[in-house]
Amino acid sequence: MNDHPVIARIRLNPHSRDVQRDLRDATQMHRTVMRMVPDNLGDAPRQQVGLLYRLEETDTFSTLLVQAAQLDPARLPTGYGQTDVKSLAPMFTALCKGLGVRYRIVLNPAKRERLPLGEKGKGGRIVPLSGADADQWWLRRATEAGLDLHVLTPTSMEPARPRGQDAPRMRHSLIRYDGTATVTDPHALQNAVIHGIGRGKPYGAGLLIPPHTTTADDDTDEEHSERRDVCMVRLWDPKAGVLPAGVNYAKGEG
């Protein structure tokens, strides 16, 4: 397998019945993206190959980002979408302490419920977090991942509802966070990018990669977006104080 993961950017074909099925069913989406990894990976193939994915949707099209140690888009259903695959090695090379980055991540913030002392040893149920509790959860995880957050903007997403006879009955609450940060530990950040963050990874959570790189002279026209390289970072000057809309934790707001 590759020394660094690769990421596939798949612009989905809205006329494909396979795509239409997968957009309705998180379990089927997971099965489809797993078709791109090698066979015979044992009992935990997703973990073995480090597969993570995220769905990006706009009013005009949907894009699926899939990251793993090895991907073969030719194994996707015929007519599933247009695919571009790139290595993340250049991104990892660029990471350094003090680097300003823009990030995007979809998360399933949750905690395990504490049980009374009399039930010690038993596992409490998983409780989804929302609002300020979810924000604080992400702040803690981001710090562990080598990021000092300056801005976070939460957006509630449609919950992932696994379907099928063998699928778990619980739904996975999803929140997307966009913002800016400074890299404090490049090694920890690389590890977080490779392994993902939090729960819900089989259902589109945990991938710390924005949809594409942007630069100051990027054209925002959607027909030009296909030419943008996939990367985690867009550089910005932490000293400039120019930040997008959201909660500015660097100034103590929120």
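Structural notes, computed from the coordinates. (Residues numbered from 1 in each chain as written. Predicted model: local features only at pLDDT ≥ 70, side-chain atom pairs only at ≥ 80, totals over all residues. Heavy atoms only, no water.)

## Quick look at the overall build of the protein chain
Reasoning step 1: For the protein chain, the helix and strand inventory stands at six helices and 10 strands.
Reasoning step 2: Looking at the protein chain as a whole, 45% of its 254 residues are labelled buried.
Reasoning step 3: Looking at the protein chain alone, contacts between residues at least 24 apart form 72% of all its contacts between residues at least 6 apart.
Reasoning step 4: Total accessible area on the protein chain stands at roughly 13900 Å², and carbon and sulfur atoms take up 46% of it. (Helix = DSSP H or I, 4+ residues; strand = E, 2+ residues; numbered from the N terminus. Buried < 20%, exposed > 50% of the residue type's maximum accessible area, 1.4 Å probe, protein only. Contact = heavy atoms within 4.5 Å. Areas by Shrake-Rupley, 256 points an atom, 1.4 Å probe, with all protein chains shown as cover.)

## Quick word on the sheet that holds strand E4 (residues 81-87)
Reasoning step 1: Taken in spatial order, the four strands line up as E2-E3-E1-E4 in an open sheet, and their pairing is antiparallel. Edge strands, defined here as strands with exactly one partner in the open sheet, are strand E2 (52-57) and E4. Neighbour to neighbour, the strand axes of the sheet diverge by 15° on average, direction disregarded.
Reasoning step 2: Here six bridges tie E2 to strand E3 (residues 62-68), and the two strands are oriented antiparallel to one another. Residue Tyr53 lies in a different strand from E3, and its bridge partner there is Val66.
Reasoning step 3: Relative to the sheet, helix H2 (residues 26-34) contacts E2 and E3, its axis offset from that of E2 by approximately 120°. (Pairing = 2+ DSSP bridges. Axes fitted to C-alpha atoms, helices over the stretch in contact; angles between N-to-C directions.)

## Quick notes on the nonpolar core
Reasoning step 1: Ranked by internal contacts, the top residues of the largest apolar core, which has 33 residues, are Trp138, Leu147, Leu149, Tyr177, Ile197 and Leu208.
Reasoning step 2: Taken together, the elements giving at least two residues each to this core come down to helix H4 (89-94), strand E5 (100-107), helix H5 (131-144), strand E8 (147-156), strand E9 (175-183) and helix H6 (186-195).
Reasoning step 3: Top element by residues in this core is H5. It accounts for five residues.
Reasoning step 4: Residues within four places of Tyr177 in sequence aside, it is in contact with Tyr103, Arg104, Ile105, Leu107, Ala134, Asp135, Trp138, Leu152, Thr153 and Pro154.
Reasoning step 5: By size, the runner-up hydrophobic cluster in this structure holds 21 residues, among which are Leu12, Met36, Leu51 and Leu76. (Core = buried A, V, L, I, M, F, W, Y, C linked by side-chain atoms within 4.5 Å.)

Taken by themselves, the reported measurements are silent on function.
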